[in-house]
Amino acid sequence: MTPTRIAVLGAGSWGTALAVSLARGGHAVTLWARREDAAAAIRDTRRNAPYLPEAEVPASVAVTSDLGAAVNGADVWLVAVPSQSVRDVMAPLADCVADRLVVVSVAKGIETDTLLTTSGVLREVLPTADPDRVGVLYGPSHAEEVALEKPTSVVAAFSDGRIASLVQQVFMRPALRVYTNTDLVGVEVGGSVKNVMAVAAGMADGLGLGDNAKAALVTRGLAEITRLGLALGADAHTFAGLAGLGDLVVTCFSRHSRNRAFGERVGRGETRAEALGHSTMVVEGVRTTESVRQLADRTGVEMPITEAVHAILFDGLDPAAAVGQLMERDPKLEAAHFDTPAFDGTEA
Ligand SMILES: NC(=O)C1=CN([C@@H]2O[C@H](COP(=O)(O)OP(=O)(O)OC[C@H]3O[C@@H](n4cnc5c(N)ncnc54)[C@H](O)[C@@H]3O)[C@@H](O)[C@H]2O)C=CC1
Ligand SMILES: O=C(CO)COP(=O)(O)O
């Protein structure tokens, strides 16, 4: 594979882990950190101590806090900031888009207010970028494990399969296996909404509900994600894939998951603000719960777990009472989600 020039925008745990992986793969990587002190610390110590102490950042990785310098000459922009900051971080780069630029988002979430996925936000703020060359790299991939080269599989999703294959070749490493998919909507819905379910799974842990409840939550969470995805035009098969079942499982069960850990604290009785106060790392599921609830309203899709998480986080519903409400819903057919009609644009 010929080396590619890649600007990794965002020096949190995931941006750093991917910068390390890409540099080990022989690519020319520039890592952008928002704050100069953070950039200087990585340059000086070759570690990102606050976010990813596990990995040494290879000397070949250039580290800067100058956004324009970071993207200068890059063939690929890797967007690794929290999903709600993608718009603000990327908008100033609108004039830097070159013809054959590929933009890969690894930020997982749905923007509040616009209810756009991150590729949708990127298409809006980078209007001259070829929309077929804007996509995502998602899947079950905790940064801590990728940094240690533990076997990991992800999926590159672009509407144009040739661009997905190109991204696959760039990111593929002995311990990082990359699949391709052209169902961008499905991959983005799966990778984003799983964070809501991970918060719910954490709440189940915090409440001590046991393994049966957690398995049911994951299964019915996947049904809920699939229903929403189908309404938005996704392919049902995507939800059995890495950005669907794969990411849902890892986030609901992993000790590394920030969304699950946050939910666990809430399940134990902390408020949203208290639980968020324990870490400076992003907990995407909180804002995405607000967005997904609005998307459910707009499309008329039934999303009871999302409703419950929303009521707990924003209306003060007691988590134990929410469990009772979910268990006492009307009896249902199990596979009804596969009959979800596509949303026709009419508000429910
Ligand atoms: N950590 C992981 O294992 C994985 C994370 N992701 C996704 O990657 C995205 C980034 O997450 P992490 O790197 O884990 O987050 P993090 O919490 O480890 O780091 C966030 C980074 O973004 C910066 N940041 C925060 N607010 C910002 C703003 N307004 N403007 C610019 N920069 C800002 C922080 O300074 C920090 O460098 C999220 O959407 C997350 O869901 C996806 C897969 C794996
Ligand atoms: O998306 C992730 C793993 O695939 C990261 O999940 P958390 O943000 O919950 O840690």
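Thresholds applied
- Every chain's residues receive numbers from 1 upward, in the order its sequence appears when written.
- As a convention, the first chain written is A and the first ligand written is 1, with the rest following in written order.
- With pLDDT at 70 or above as the cut-off, local features in this predicted model cover only qualifying residues; side-chain atom pairs require 80 or more to be listed or tallied, and sums for whole chains, interfaces and linings still use all residues.
- Note on conventions: DSSP H or I runs of at least 4 residues are helices, E runs of at least 2 residues are strands, and numbering of each starts at the N terminus.
- With C-beta atoms placed from the backbone, a residue is buried if 20 or more other C-beta atoms are within 10 Å of its own, exposed if 12 or fewer are, and partly exposed between those counts.
- Note that contacts rest on C-beta atoms placed from the backbone: two residues are in contact if these are within 7 Å.
- Any residue whose C-beta atom, as set from the backbone, lies within 6 Å of a molecule or strand is reported as near that molecule or strand.
- Classification convention: Asp, Glu, Lys, Arg as charged; Ala, Val, Leu, Ile, Met, Phe, Trp, Tyr, Cys, Pro as nonpolar; all other residues, Gly among them, as polar.
- Boundaries between domains were set according to an automatic or database domain assignment.
- One less than the number of residues in a helix, times 1.5 Å, gives the span that helix is expected to have.
- UniProt positions are given in the numbering used here, feature names are shortened, and annotations may be inferred rather than shown by experiment.
- Each axis is a line fitted through C-alpha atoms, taken for helices only over the stretch in contact, and angles between the N-to-C directions span 0 to 180 degrees.
- Here the angle decides the label: under 35 degrees means roughly parallel, over 145 means roughly antiparallel, 65 to 115 means roughly perpendicular, and every other value means oblique.
- Should the near helix be turned anticlockwise from the far one by less than a right angle, the crossing is left-handed, and should it be turned clockwise, the crossing is right-handed.

Across its full length, the chain carries 15 helices and 8 strands. Here the C-alpha coordinates of the chain stretch approximately 55 × 40 × 35 Å along the principal axes. Taking all 348 residues of the chain together, the buried fraction comes to 53%. Sequence-distant contacts in the chain: of pairs separated by 6 or more residues, those separated by 24 or more amount to 72%.

Near ligand 1 lie 24 residues; those nearest to it are G12, W14, S85, A143 and M281. It is helix α1 (residues 13-24) that provides the largest number of residues to the shell around ligand 1, a total of 3 residues. The residue inventory of the shell around ligand 1, partitioned by class, reads 12 nonpolar, 9 polar and 3 charged. In this structure, the shell around ligand 1 is formed jointly by two domains, domain 1 (5-182) and domain 2 (186-328), each of which donates at least three residues.

Another aspect to go through is the site of ligand 2. Neighbouring residues of ligand 2: 14 residues in total, closest S141, T251, S257, R258 and N259. Looking at the shell around ligand 2, the elements with two or more residues in it are α10 (242-253) and α11 (258-267). Class assignment for the residues of the shell around ligand 2 results in 3 nonpolar, 6 polar and 5 charged. No fewer than three residues from each of domain 1 (5-182) and domain 2 (186-328) sit in the shell around ligand 2.

What follows deals with helix α13 (residues 284-299). With 16 residues, α13 extends 22 Å between its outermost C-alpha atoms, agreeing within 8% with the 22 Å of an ideal straight helix rising 1.5 Å per residue. On the buried face of α13, the contacting elements are α8 (184-207), α9 (211-231), α11, α12 (272-276) and α14 (304-315). Two residues or fewer past α13, G300 is found with a positive phi of approximately 75°.

This part is about the UniProt feature "active site" (unreviewed entry) in the chain. Mapped onto the present numbering, the UniProt feature "active site" (unreviewed entry) falls at K194. In this fold, K194 is placed in helix α8. Exposure remark for K194: the 33 C-beta atoms within 10 Å place this residue in the buried category.

Our focus in this paragraph is the domain arrangement of the chain. Looking at the assigned domains, one finds that the chain contains domain 1 (5-182) and domain 2 (186-328). Computed from C-alpha atoms alone, the centre-to-centre distance between domain 1 and domain 2 is 25 Å. Counting residues at the interface gives 25 residues for domain 1 and 25 residues for domain 2. Among the secondary structure elements, those contributing two or more residues to the side of domain 1 that touches domain 2 are β6 (134-138), β7 (152-157) and β8 (176-181). Ranked by residues supplied to the side of domain 1 that touches domain 2, first place goes to β7 with 4 residues. Looking at side-chain class alone, the side of domain 1 that touches domain 2 contains 10 nonpolar, 12 polar and 3 charged residues.

Now for the environment of G246. Along the chain, G246 turns up in helix α10. Each C-alpha atom, one on G246 and one on I110, is 19 Å from the other, the two residues being 136 residues apart in sequence. Apart from the residues within four sequence positions on either side, G246 is in contact with G139, P140 and G241.

Attention now moves to the packing of α14 against helix α15 (residues 319-327). Where α14 contacts α15, the two axes come as close as 10 Å, and the packing angle between them is 160°. Relative to α15, the element α14 is oriented roughly antiparallel. Remark: the crossing between α14 and α15 carries right-handed chirality. The segment α14 lies against α15, with P304, I305, A308, A311 and I312 engaging P319, A322, Q325 and L326. Partitioning the contact of α14 with α15 into residue classes produces 8 nonpolar, 1 polar and no charged.

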